[in-house]
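# Structural overview for review
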Amino acid sequence: DVTPDDEWRIKLEEAAKENNTKIWYVFSPMHISMDDVDLFVYPPSKDVLSTEDANNSSLMINLSYGEFNCLFTGDMTALEEKSMISRNLVPKAEVLKVGHHGSATSTTKEFAVAVSPEISLIGCGKNNQFGFPKSEVLENLKDTQIYRTDLDGDISLFADKRANIKVKKELVR
């Protein structure tokens, strides 16, 4: 709820209203349960939200299915990562969707250690103008199996409740 006048936010809210879809504004940690899947949603602290960087309004979401955890961090920066760590909100997860396309502003060594993923997923375009993912991020994740959309194409994960994971890659031509 940090950009009330944003054009895209207004369009999203209008589309949700037209489709009778509920919108949740997250101001404190939220737990959503759907059958065997649990989502734990963590908003940034007020201190982090007060910064000028819109990336710091990203939610951290942990998807839990039995023993399997997948952590999504949006575009949160090192400042938000540090805040999440200091508030003891960062879970261990088998899979980490790497923050901000592998930008050097995200996925610090401390955050990677806190999450301790087996698999790291990086969504970035081939030969992108920003040079993502950055080498320091890849170094921070060197102890994980890294999949990148620029090299591996579409990536699908299949996991069971015991955290047995299968990865499928499909190069798009």
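An account of the accompanying structure is given in this report.

## Here we look at the overall build of the protein chain
- Assigned secondary structure in the protein chain consists of six helices and nine strands.
- By the compact-globule yardstick of 16 Å for 173 residues, the protein chain fits well, its C-alpha radius of gyration being 17 Å.
- Along the longest, intermediate and shortest principal axes, the C-alpha atoms of the protein chain span 40 × 40 × 40 Å.
- Split into buried and exposed, the 173 residues of the protein chain put 38% on the buried side.
- Restricting the contact set of the protein chain to residue pairs at least 6 apart, pairs at least 24 apart contribute 52%.
- Carbon and sulfur atoms form 52% of the exposed surface of the protein chain, whose accessible area is close to 10,700 Å².
- Of the side chains in the protein chain, 20 bear a positive and 28 a negative charge, and the two mean positions are spaced by 5 Å.

## Examining helix H3 (residues 78-86)
- Burial in H3 covers these residues: Glu-80, Glu-81, Ser-83 and Met-84. Viewed along the axis of H3, the buried residues span an arc of 165°, placing them on a single side of the element. The outward face of H3, more than 90 degrees from its buried face, is lined by the exposed residues Lys-82 and Ser-86.
- Buried positions along H3 lie against strand E2 (37-42), helix H2 (46-49), strand E3 (60-65) and helix H4 (109-115).
- Note on H3: the residue one or two positions beyond its end, Asn-88, has a positive phi of about 55°.

## Brief notes about the sheet that holds strand E5 (residues 95-97)
- If you walk across this open sheet you meet the seven strands as E1-E2-E3-E4-E5-E6-E7, and the pairing is mixed. A strand with exactly one partner marks an edge of an open sheet, and here the two such strands are strand E1 (30-34) and strand E7 (145-148). Mean inter-strand twist for the sheet, computed between neighbouring axes without regard to direction, equals 15°.
- For E3 and strand E4 (residues 68-72), the ladder comprises five bridges, and the chain directions are antiparallel. In the strand pairing of E4, Asn-62 is matched with Leu-71.

## Examining the pairing of strand E6 (residues 119-122)
- Side chains Ile-119 and Leu-121 project from E6 onto one buried face, and the interleaved Ser-120 and Ile-122 project onto a second face that is buried too.
- Bridging between E5 and E6 involves three bridges; their strand directions are parallel. Counterpart to Val-95 in the pairing with E6 is Ile-119.
- Crossover connection from E5 via H4 to parallel E6: handedness right-handed.

## Looking at the side chain of His-100
- Structurally, His-100 can be placed in the loop between E5 and H4.
- Among the residues examined, His-100 registers a relative accessible area of 15% and is labelled buried.
- The contacts of His-100, once residues within four sequence positions are left out, are Asn-55, Gly-74, Asp-75, Thr-105, Ser-106 and Phe-132.

## Observations concerning helix H1 (residues 7-18)
- Look at H1: 17 Å from first C-alpha to last across 12 residues, which is about the 16 Å you get at 1.5 Å a residue.
- One side-chain oxygen of the residue at the start of H1 lies 3.1 Å from the amide nitrogen of Trp-8, identifying that residue as Asp-6.

## With respect to the side chain of Glu-81
- Take Glu-81: it is sitting in helix H3.
- Although Glu-81 lies buried, it forms no salt bridge, and the closest oppositely charged side chain, Lys-82, sits 11 Å away as judged by the N-O distance.

## Considering the pairing of E2
- Pairing analysis gives five bridges linking E1 to E2, with the strands arranged antiparallel. Its bridge partner being in E2, His-31 is matched across the sheet by Phe-40.
- In terms of strand pairing, E2 meets E3 through six bridges, oriented antiparallel. Considered in E3, the bridge of Asp-38 is made with Ser-64.

## Observations concerning a nonpolar patch on the surface
- On the surface, a cluster of nonpolar side chains totalling about 300 Å² of accessible area is made up of Ile-23, Tyr-25 and Phe-27.
- If you trace the backbone, Tyr-25 turns up in the loop between H1 and E1.

## As for the environment of Ile-61
- Here Ile-61 lies in strand E3.
- Separated by 22 residues in the primary sequence, Ile-61 and Leu-39 have C-alpha atoms spaced 6.6 Å apart.
- The residues contacting Ile-61, other than those within four sequence positions of it, are Leu-39, Phe-40, Val-41, Cys-70, Leu-71 and Phe-72.

Scoring rules and cut-offs
Residues numbered from 1 in each chain as written. Predicted model: local features only at pLDDT ≥ 70, side-chain atom pairs only at ≥ 80, totals over all residues. Heavy atoms only, no water. Helix = DSSP H or I, 4+ residues; strand = E, 2+ residues; numbered from the N terminus. Rg over C-alpha atoms; globule rule 2.2 N^0.38 Å. Buried < 20%, exposed > 50% of the residue type's maximum accessible area, 1.4 Å probe, protein only. Contact = heavy atoms within 4.5 Å. Areas by Shrake-Rupley, 256 points an atom, 1.4 Å probe, with all protein chains shown as cover. Lys, Arg positive; Asp, Glu negative; His and termini not counted. Charge placed at Lys NZ, Arg CZ, Asp CG, Glu CD. Arc of directions from axis to C-beta. Pairing = 2+ DSSP bridges. Axes fitted to C-alpha atoms, helices over the stretch in contact; angles between N-to-C directions. Right-handed = clockwise from strand over helix to strand, strands pointing away. Expected span 1.5 Å × (residues − 1). Polar contact = N/O pair within 3.5 Å; in protein donor to acceptor, adjacent residues only side chain to side chain. Salt bridge = Lys/Arg side-chain N within 4 Å of Asp/Glu carboxyl O. Patch = residues over 30% accessible without salt bridge, like charges linked within 9 Å, V, L, I, M, F, W, Y side chains within 5 Å.

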